[in-house]
Amino acid sequence: MNTDLERVLDRIGRARIAVVGDLVADEFVYGESDRISREAPVLIVRYESAELKPGCAANAIMNLCALGARVQVIGLVGSDEIGRRLRGLLRDAGADDSTVFSVEGMPTATKTRVLAGGKNTRRQQMLRIDRDGPGQPGPALAQKLVKALAQAAAKCDAIMVSDYGLGLLAPPLVEAVRSLAGQDRTVCVDARYGVAQYRGVSLAKPNEPELEQAVGRPIGDDPLALEEAGRELQKTLRAGALLVTRGRNGMALLRPGSPTALMPVHGSVEAVDVTGAGDTVMAMCTVAMAAGADPLQAMRLANVAGALKVQKTGTAAVAAAEIRAELQRVAVAQPTLLAAQRTAARGRR
């Protein structure tokens, strides 16, 4: 059962991954609220505690480290305490942060969430405060980042791009990514905006709204409309594979010359929190392909990893041991080929 996937899992601990992406700190402030302020119609929150977690590309890095990969990080933080703490969390997880550059006089990109409730009620998010990070690097810093990426790529089995649109992936760095992809390197991209600019990569992972944005039209729940949009984006990208995450509808994998593969969500347990699930899926796909998996195997493993992540609250990593336990517990579904669905439908007419 799942023998091929377990073999891939056996190899991921040797994988070396270079990650370039938007490093964000997720700050959580917890408190108790039981009255309204006299100054304004707002709740008063009595501070209890706070914690800092890696977010966006930093969360994807934490997942790579939990899977056992050796990770080189290329990115930016501000010259503030939060930036220092974020780098410390990445180092503690095992990542090499020697090519994370601190931008003097700038804050680290931070999302601060205030969660509060009464004495006997569940805390709920009341407010989110966002601080912009360093933004788009200037020419000199951009060249340092390009050089760092090239040097890291020369020592790594795969490059993972985590582009949240915060400015790091400016044209010089995007061009460097495309150049590496053109050298037949394994390059996997997750981009919230502008995925179409990453031409020639090994795998791109848009979700359905991002795919709709890329092609400029809605998809709905129609698999054929999904396939048509996916093929259009794939033709633009000239990518080796396009993995579309579909929330409760699972995933779809499109490859040139192969039928579209549809994968239902792994397991039957309802999701607790989908925050950061895309980072988990991307990390698993990248490390699996770096370890020699084909895109179908990478999708099946990523489907398991995503299902395990959504049972955890907030941004959280899924460890290789958790995935191995799940592979030994239950058979992982094989994808359904859309071409086979069409043939079956014609046979019923």
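Source: prediction; values computed, not measured.

Membership of the largest hydrophobic core comes to 59 residues, with the highest contact counts inside it found for Met 284 and Ile 323. Counting residues per element, this core draws most heavily on helix α8 (residues 277-290), at nine residues. Once you skip the residues sitting within four places of it in the chain, Ile 323 turns out to touch Leu 9, Leu 67, Met 284, Leu 301, Val 304, Ala 305, Leu 308 and Val 318. The next biggest cluster of nonpolar side chains, apart from the first, holds 45 residues, and it includes Leu 145, Ala 229, Leu 254 and Leu 262.

If you walk through the whole model with that rule in mind, you get zero disulfides. Not engaged in a disulfide, the cysteine Cys 56 finds its nearest cysteine sulfur in Cys 65; these two sulfurs lie 16 Å apart. Owing to a relative accessible area of 8%, Cys 56 belongs among the buried residues under this scheme.

Time to look at the environment of Asn 207. Assignment of secondary structure puts Asn 207 in the loop between β10 (203-204) and α6 (208-215). On the accessibility criterion, Asn 207 (24% relative accessible area) is partly exposed. Note: C-alpha distance between Asn 207 and Leu 145 (62 residues apart in sequence) is 27 Å. The contacts of Asn 207, once residues within four sequence positions are left out, are Val 244 and Thr 245. Separated by 2.9 Å, the side chain of Asn 207 and the backbone nitrogen of Glu 210 make a polar contact.

Moving on to a nonpolar patch on the surface. On the surface, a nonpolar cluster with roughly 440 Å² of combined accessible area is contributed by Ile 36, Leu 43, Met 126, Leu 127 and Ile 129. Element by element, the count of residues in the nonpolar patch is highest for strand β7 (residues 124-131), at three residues. As for its position among the elements, Leu 43 is in strand β3 (residues 43-56). By relative accessible area, Leu 43 is classed as partly exposed at 46%.

Next up on the list: the sheet that holds strand β14 (residues 336-337). Taken in spatial order, the 10 strands of this open sheet run β5-β4-β1-β8-β9-β10-β11-β12-β13-β14, and their pairing is mixed. Strands at the two margins of the open sheet, each flanked by one partner only, are β5 (96-103) and β14. Judged from the two bridges that link them, β10 and strand β11 (residues 241-245) form a sheet pairing that is parallel. Pairing of Leu 203 across the sheet is with Ala 241, part of β11.

Reading the values: rules and limits
Residues numbered from 1 in each chain as written. Predicted model: local features only at pLDDT ≥ 70, side-chain atom pairs only at ≥ 80, totals over all residues. Heavy atoms only, no water. Core = buried A, V, L, I, M, F, W, Y, C linked by side-chain atoms within 4.5 Å. Buried < 20%, exposed > 50% of the residue type's maximum accessible area, 1.4 Å probe, protein only. Helix = DSSP H or I, 4+ residues; strand = E, 2+ residues; numbered from the N terminus. Contact = heavy atoms within 4.5 Å. Disulfide = S-S within 2.5 Å. Polar contact = N/O pair within 3.5 Å; in protein donor to acceptor, adjacent residues only side chain to side chain. Patch = residues over 30% accessible without salt bridge, like charges linked within 9 Å, V, L, I, M, F, W, Y side chains within 5 Å. Areas by Shrake-Rupley, 256 points an atom, 1.4 Å probe, with all protein chains shown as cover. Salt bridge = Lys/Arg side-chain N within 4 Å of Asp/Glu carboxyl O. Pairing = 2+ DSSP bridges.

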